[in-house]
Amino acid sequence: MGFFDRRSFVFLSSGAAMGNMVVAGLSSAEEHSGALDFSQSGLVTGKPKPLKHKAIDGFLSAEQIAPHHTAHYGGALRGYAAADATVEASIQSGKPLDAPEHGALKRAINSKGNSVVLHELYFDGMAPNAPDPSADVRTAIRQRFGSLDKWASDFTASAKGAAGWAMLVKHPVNERLYNVVSDEHAMGVVWMAMPLVVIDTYEHAFYIDYQNRKADYVEKFLDHIDWYEVNARFQSTSSV
């Protein structure tokens, strides 16, 4: 029996049916209508996006999440803003930076900006209890990987082997799903692809709660994927 069968998912065959499933601590399906809202992103506001969940019982404690959100996500945002401001000042003043500094700042903008986005997708993509994948997402995963269990097996293997991030992404060019690994924020990306499921596999994401038991963290993550959020991201790719 596969992972998803063991969890005894109740398959909800339509979006209307999903609206009837409201789990304590989760947003309802209606709140994830397929329109993504990036207005609260740190890249827009200049401030860290508030957490949806300060702790996730049985998975991540507040002591684990708080420094991750403040020091690592917040630190990436501060680093991005500083690098971007320096480049912008150079552009507006007409005073060019020397080539090594300019290159280093541009790489920092890429890496730290990606870190901001990935952290937001990670924090927003978790739930106290995972709802069921929508019919569209379930079908797409089955068509690409053969079954949800086969996808989960490849995703967890990818995450266990990743030094930084593992993601399920949808590519708008060929409409295919991929499990990808990124060992640094600016590496391993598939250009134009929309991240659907994102797990942070750096030690700072799990060490307080799991110490060196990374595999336990990765396996428990599957029980806390916010499939409503995944569906919203998936639906957004239809307009790309």
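In the block above lies the structure referred to throughout.
Counting of residues starts from 1 at the beginning of each chain's written sequence and follows it residue by residue. Given that this is a predicted model, residues contribute local features only at a pLDDT of at least 70 and side-chain atom pairs are listed and counted only at 80 or more, while totals for whole chains, interfaces and linings are drawn from all residues. Here the side-chain values reflect all heavy atoms present in the structure, with hydrogen atoms and water set aside.

Some words on the overall build of the protein
Part 1: The helix and strand tally for the protein stands at 10 helices and 3 strands.
Part 2: Sequence-ordered secondary structure for the protein, helices as α and strands as β, is α-α-α-α-α-α-α-β-β-β-α-α-α.
Part 3: Restricting to contacts in the protein with at least 6 residues of sequence separation, those with at least 24 account for 72%.
Part 4: Accessible surface for the protein amounts to roughly 11700 Å². Of this, 54% is attributable to carbon and sulfur atoms. Only runs of H or I of at least four residues qualify as helices and only runs of E of at least two qualify as strands under DSSP, and these elements are numbered from the N terminus. We call two residues in contact when some of their heavy atoms are within 4.5 Å. Residue burial considers only the protein chains on display, and all accessible areas are found by Shrake-Rupley using a 1.4 Å probe.

Some details on helix α4 (residues 62-93)
Part 1: Expected span of a helix, by definition, is 1.5 Å for each gap between consecutive residues, and there is one gap fewer than residues. With 32 residues, α4 extends 44 Å from end C-alpha to end C-alpha; this agrees with the ideal 46 Å at 1.5 Å per step.
Part 2: Two axes define the bend at a residue: one fitted to the seven residues ending there, one fitted to the seven starting there, and the bend is the angle between them. For α4, the principal kink sits at H69 and spans about 30°.
Part 3: Looking at the residues trailing α4, positive phi occurs at G94, about 75°.

Looking at a nonpolar patch on the surface
Part 1: The patches described consist of residues with a relative accessible area above 30% and no salt bridge, like charges being joined within 9 Å and nonpolar side chains (Val, Leu, Ile, Met, Phe, Trp, Tyr) within 5 Å. Throughout this description, the term salt bridge denotes a Lys or Arg side-chain nitrogen within 4 Å of a carboxyl oxygen of Asp or Glu. Taken together, the side chains of V173, V189, W191 and M192 make up a nonpolar region of the molecular surface, amounting to roughly 500 Å² of accessible area.
Part 2: Examined against the element boundaries, V189 turns out to sit in the loop between β2 (177-182) and β3 (194-200).
Part 3: Relative accessibility under 20% of the residue-type maximum defines a buried residue, over 50% an exposed one, and the middle range a partly exposed one, all with a 1.4 Å probe and only protein chains included. Classification of V189 by relative accessible area gives partly exposed; the value is 37%.

Some thoughts on the pattern of salt bridges
Part 1: Taken as a whole and judged by the stated rule, the model has 7 salt bridges.
Part 2: Notably, a salt bridge pairs K160 with E219, separated by 2.7 Å at the nearest N-O pair. Of this pair, K160 sits in helix α7 (residues 148-161) while E219 sits in helix α9 (residues 214-221), placing them 59 residues apart in sequence.
Part 3: Classification of K160 as partly exposed rests on a relative accessible area of 36%.
Part 4: In this structure E219 comes out as partly exposed when scored by relative accessible area, which is 38%.
Part 5: Among the ionic pairs, R213 bridges to D216, the shortest N-O distance being 3.3 Å.
Part 6: On the basis of relative accessible area, D216 is assigned to the partly exposed category, the value being 33%.

Looking at the sheet that holds β2
In sheet architecture, strand pairing relies on hydrogen bonds along the backbone and comes in two forms, parallel and antiparallel.
Part 1: Pairs of strands are assigned from DSSP output, requiring at least two bridges between the strands. If you walk across this open sheet you meet the 3 strands as β2-β1-β3, and the pairing is antiparallel. With one partner strand each, in any of the chains shown, β2 and β3 form the two edges of the open sheet. Adjacent strand axes in the sheet meet at a mean angle of 20°, parallel and antiparallel pairs treated alike.
Part 2: With 6 bridges joining them, strand β1 (residues 165-170) and β2 adopt antiparallel strand pairing. Looking at the pairing, V169 lines up with Y178 of β2.
Part 3: Here an axis means a line fitted to C-alpha atoms, over the contact stretch when the element is a helix, while the angle between two N-to-C directions is reported on a 0 to 180 degree scale. Its contacts with the sheet place helix α6 (residues 135-145) against β1 and β2, and it is angled at close to 80° to β2.

Some details on the environment of V169
Part 1: Its place among the elements puts V169 in strand β1.
Part 2: When its relative accessible area of 4% is taken as the criterion, V169 is described as buried.
Part 3: For the pair V169 and V189, spaced 20 residues apart in sequence, the C-alpha separation works out to 9.5 Å.
Part 4: If near-sequence neighbours (up to four positions away) are discounted, V169 is found in contact with R176, L177, Y178, V180, A193, M194, P195 and L196.

With respect to the nonpolar core
Part 1: In this structure, Y122, W151 and Y217 are the most contacted members of the largest nonpolar core, which totals 49 residues.
Part 2: Core analysis: the next-biggest nonpolar cluster, separate from the first, contains 5 residues, Y80, A83, V87 and I109 among them. The definition of a nonpolar core used throughout is a set of buried Ala, Val, Leu, Ile, Met, Phe, Trp, Tyr and Cys residues joined through side-chain atoms within 4.5 Å.

Quick look at helix α10 (residues 227-236)
Part 1: Across the 10 residues of α10, 9 count as buried, placing the element largely inside the fold.
Part 2: Along α10, the residues that are buried comprise W227, Y228, E229, V230, N231, A232, R233, F234 and S236.
Part 3: Any pair of N or O atoms that falls within 3.5 Å is considered a polar contact. Within protein, one atom must be able to donate a hydrogen and the other to accept it, and sequence-neighbouring residues count only if both atoms are side-chain atoms. N-capping of α10 is provided by D226, with a side-chain oxygen placed 3.1 Å from the backbone N of Y228.

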